[in-house]
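Chain by chain, the residues:
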Amino acid sequence: PTEIKERRHWDISATERLDMLKKFVDFGLEHWGSDQQGVNTTRRFLLEWLSFLYRYVPVGVLEVVPQRMNDRPPRYVCRNDLETLMASDDCQDWIKISEMLLGPVPSDFKFLPKHKANSYASATNDRNSEVQG
């Protein structure tokens, strides 16, 4: 609400975003329990959420502020390693983030997002290729 009252843009740092994820994990463990089943359920919900969150482009790296809703996010250079990890569209990187918050995954753990969060193909794919992710 501060950015609305003050009419400014909030450049959320990678550590602030990680703190939000920590709160999400805390709430998940509180709700589902801290046993292995609760940790696994929390991890699954966290990974599904990360499959949406990786598309966030920090205000500090945007060329034009505010960005219009229908604009394709520009390519950008992340400001640190954590921001790079959070901006990755690779499921394995999302699993690394979950391991930072919930510990190592079980050896038989696999994750495939239930949806295709990206509404456009990457620049490296052809126009007719299916969107991955």
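That block above? That's the structure.
What you are looking at is a predicted structure, and each value in this text was computed from that prediction instead of being measured.

S.K.: Tell me about the overall build of the protein chain, and name the residues and values.
M.R.: What the protein chain contains, in helices and strands, is five helices and zero strands. Reading the protein chain from its N terminus to its C terminus gives the helix and strand order α-α-α-α-α. Counting the 133 residues in the protein chain, one finds 31% classified as buried.

S.K.: Quick one: what's the story with the packing of helix α2 (residues 14–32) against helix α5 (residues 91–102), residue by residue and with numbers?
M.R.: One can describe the packing of α2 onto α5 by two numbers: an axis separation of 10 Å at closest approach and a directional angle of 65°. Note that α2 runs across α5; the crossing there is right-handed. Together, L18, L21, K22, V25 and L29 of α2 and I97, M100, L101 and L102 of α5 make up the contact between the two elements.

S.K.: Explain the packing of aromatic side chains residue by residue, including any values.
M.R.: In the structure shown here, the tally under the stated rule is four aromatic pairs. Relative to W94, the ring of Y54 has its centre 5.5 Å away and its plane inclined at 35°; by these criteria the two rings are tilted. Pair noted here: Y54 is in the loop between α3 (36–53) and α4 (81–87) and W94 is in helix α5, with a separation of 40 residues, a long-range link. Just as Y54 is buried, W94 falls in that class too. Seen from their ring centres, W94 and F111 are 6.4 Å apart, and the 70° between their planes marks the pair as edge-to-face. Of this pair, W94 sits in helix α5 while F111 sits in the segment after α5, and the two are 17 residues apart along the sequence. Each member of the pair, W94 together with F111, is buried. Among the aromatic residues, those joined into a ring-pair cluster are Y54, W94 and F111.

Calculation rules
Residues numbered from 1 in each chain as written. Predicted model: local features only at pLDDT ≥ 70, side-chain atom pairs only at ≥ 80, totals over all residues. Heavy atoms only, no water. Helix = DSSP H or I, 4+ residues; strand = E, 2+ residues; numbered from the N terminus. Buried < 20%, exposed > 50% of the residue type's maximum accessible area, 1.4 Å probe, protein only. Axes fitted to C-alpha atoms, helices over the stretch in contact; angles between N-to-C directions. Left-handed = near helix turned anticlockwise from the far one by under 90°. Contact = heavy atoms within 4.5 Å. Phe/Tyr/Trp six-rings, centres within 6.5 Å; stacked < 30°, edge-to-face > 60°.

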